[in-house]
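One letter stands for each residue in the lines below.
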Amino acid sequence: MHRRVRPLERAFLARPTMRAAVITDRDEVSIQERERPTAGPDEAVVRVGACGVCMTDYHLYRGTFPAEYPLVPGHESAGEVVSVGEAVTGVEAGDRVAIYPGRPCGDCRFCDRGRQNLCADLVAIGGAGDEILDGAFAEYVRVPAGSLEPIGDLSYETATFAEPLGCCIRGVDQADIETGDTVVIVGAGPIGLLLLQAFRASGAGTVVVSEPVERRRETAAELGADHVVDPTATPLSERLTELVDRVDVGVEAVGLPDTIETTHSVTSAGGTTLVFGVPPQGETIEIDPFDVYYQELELVGTFALTPNTFSRAVTFLQGDRVEVEPLITDTFDLSGLRTAFDQMADNEGLKKVVYPGR
Ligand SMILES: [Zn+2]
Ligand SMILES: [Zn+2]
């Protein structure tokens, strides 16, 4: 059967290699000319339009998240499908898609219950997992066709937020909020600012954001925080007593034992503390078990995202429930990834987005 070959597909077929940002060792990232991936029977190859830089990429680069090198990071991506394997249906060359950065096994007890983020055989594409496949800081990436979510006319840049937002929606689900709940978010980096918007769109009443960096507090206020507080000026618990009568959900979006303790300590009786930030492994925090018992306090974790929350994130982005433009402070081509990592080390700016085709 004759099939029309699209211009992009033709360009793809004509050149056998591509550029990719490769982490070759701890603190070493370089641009390499690599063989272009080809799609297996159930796979697709996507030309990457844009890919967000995440703290996980940074941890893979610094060696603080265990991984085998060489490896191509990048798991917050969107682009155009250029080829699909022979068994693939429902996706074709030319489709604009966001990429769910995982390959759940589909038949472990977690996958069975819609908790693919805990899959017993956790394979990640450019992100954190037991096995890590090459990710999207490259001109092309190979993915399971089932991991693609159509994005319609959403820009690739906006669609890169489907992954981090999908993690935030997972967090909102885990916190199990009720309409009108008072939420305190500790940390207003890109994730804290997405959590703020996800909680608001999901029915939170008053939202307080605690963040030491002034610029980030301003952005939080612009994005709908009812109160922004500087925890270095006045202790958070003191400020909260002045501002709200209770805290139903305390969200830690920093990833430090100290801030988790603080967040848990301000959560009111019957409330939930959500551990969202990635804490260092092997650390401990102090919890008074009597309070957990007597006040029915919950300490809840949330890890990554599921295909379900990913798809809901795309819906949120398409419906303008979440603003992402104020979060993007820096954009780069592939060779700028190292600069992006350097900025992250210094807490400079907010979200960084890489355009591998530039
Ligand atoms: Zn991420
Ligand atoms: Zn599984």
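Residues numbered from 1 in each chain as written. Chains lettered and ligands numbered in written order. Predicted model: local features only at pLDDT ≥ 70, side-chain atom pairs only at ≥ 80, totals over all residues. Heavy atoms only, no water.

An unreviewed UniProt entry annotates the protein chain as Zinc-dependent alcohol dehydrogenase family protein originating from Halobellus rarus. Turning to the protein chain, the UniProt annotation filed under Sequence similarities (unreviewed entry) states: "Belongs to the zinc-containing alcohol dehydrogenase family." Here the protein chain is described in UniProt, under the heading Cofactor (unreviewed entry), as follows: "Zn(2+)". (UniProt positions renumbered as here; feature names shortened; annotations may be inferred.)

Engineer: What's the story with helix H6 (residues 190-201) in this structure? I'm lost.
Structural biologist: Owing to its 3.6 residues per turn, the α-helix aligns residues three or four sequence positions apart on the same side. Between its terminal C-alpha atoms H6 stretches 17 Å, which fits the 16 Å expected from twelve residues at 1.5 Å a residue. For H6, the complete set of buried residues consists of Gly-192, Leu-193, Leu-194, Leu-195, Leu-196, Gln-197, Ala-198 and Phe-199. Gly-203 sits one or two residues past H6 and shows a positive phi near 105°. (Helix = DSSP H or I, 4+ residues; strand = E, 2+ residues; numbered from the N terminus. Expected span 1.5 Å × (residues − 1). Buried < 20%, exposed > 50% of the residue type's maximum accessible area, 1.4 Å probe, protein only.)

Engineer: Looking at this model, I keep getting lost on the coordination of the zinc ion (ligand 1). Mind explaining?
Structural biologist: Note on metal sites: the ideal angle is 109.5 degrees for four tetrahedral donors, and 90 or 180 degrees for six octahedral donors. Looking at the zinc ion (ligand 1), the protein donor atoms are Cys-54 (SG), His-75 (NE2) and Glu-76 (OE), and they sit 2.1 to 2.5 Å from it. Here the donor residues for the zinc ion (ligand 1) map to a single chain with the spacing C-x20-H-E. A residue pair is termed long-range when its members are at least 10 positions apart, and Cys-54 in the loop between strand S3 (43-53) and helix H2 (55-62) and Glu-76 in strand S4 (residues 76-84) qualify at 22 residues. This pair shows no difference in class: Cys-54 is buried, exactly as Glu-76 is. (Donors = N, O, S within 2.8 Å, 3.2 Å for Na, K, Ca; no water.)

Engineer: What should I look at first to understand the domain arrangement of the protein chain in this one?
Structural biologist: Reports of interface size often rely on the accessible area that becomes lost once the parts have come together. Domains assigned within the protein chain are domain 1 (7-161 + 324-354) and domain 2 (168-301). Each of domain 1 and domain 2 has a C-alpha centre, and the two are 29 Å apart. The partner domain 2 presents twelve residues to the ten residues of domain 1 that form the contact. If you sort the residues of domain 1 by the area they bury against domain 2, Pro-326, Leu-327 and Leu-350 come out on top, with a joint share of 47%. Our enumeration of links across domain 1 and domain 2 arrives at one residue pair in polar contact (both at pLDDT 80 or more). Its residues assigned to classes, the side of domain 1 that touches domain 2 comprises five nonpolar, three polar and two charged. (Domains from an automatic or database assignment. Contact = heavy atoms within 4.5 Å. Buried area = accessible area lost by both parts, 1.4 Å probe. Polar contact = N/O pair within 3.5 Å; in protein donor to acceptor, adjacent residues only side chain to side chain. Nonpolar A, V, L, I, M, F, W, Y, C, P; charged D, E, K, R; others polar.)

Engineer: Any chance you could explain the packing of aromatic side chains here in plain terms?
Structural biologist: Working definition: an aromatic ring pair is given by the centre-to-centre distance plus the angle between the planes. Within the structure shown, the criterion is met by six aromatic pairs. On the basis of an interplanar angle of 65° and a centroid distance of 5.7 Å, the ring pair of Tyr-100 and Phe-310 is categorised as edge-to-face. Taken together, the residues span a long stretch of sequence, with Tyr-100 in the loop between strand S5 (96-99) and helix H3 (109-112) and Phe-310 in helix H11 (residues 307-318) at a distance of 210 residues. Across the pair, exposure class does not vary: Tyr-100 and Phe-310 are buried alike. An aromatic cluster of three or more residues is present, and its members are Tyr-58, Tyr-61 and Phe-341. It is Arg-96 that lies over the ring of Tyr-156; its NZ or CZ is 4.4 Å from the centre. (Phe/Tyr/Trp six-rings, centres within 6.5 Å; stacked < 30°, edge-to-face > 60°. Lys NZ or Arg CZ within 6 Å of the ring centre and 35° of its normal.)

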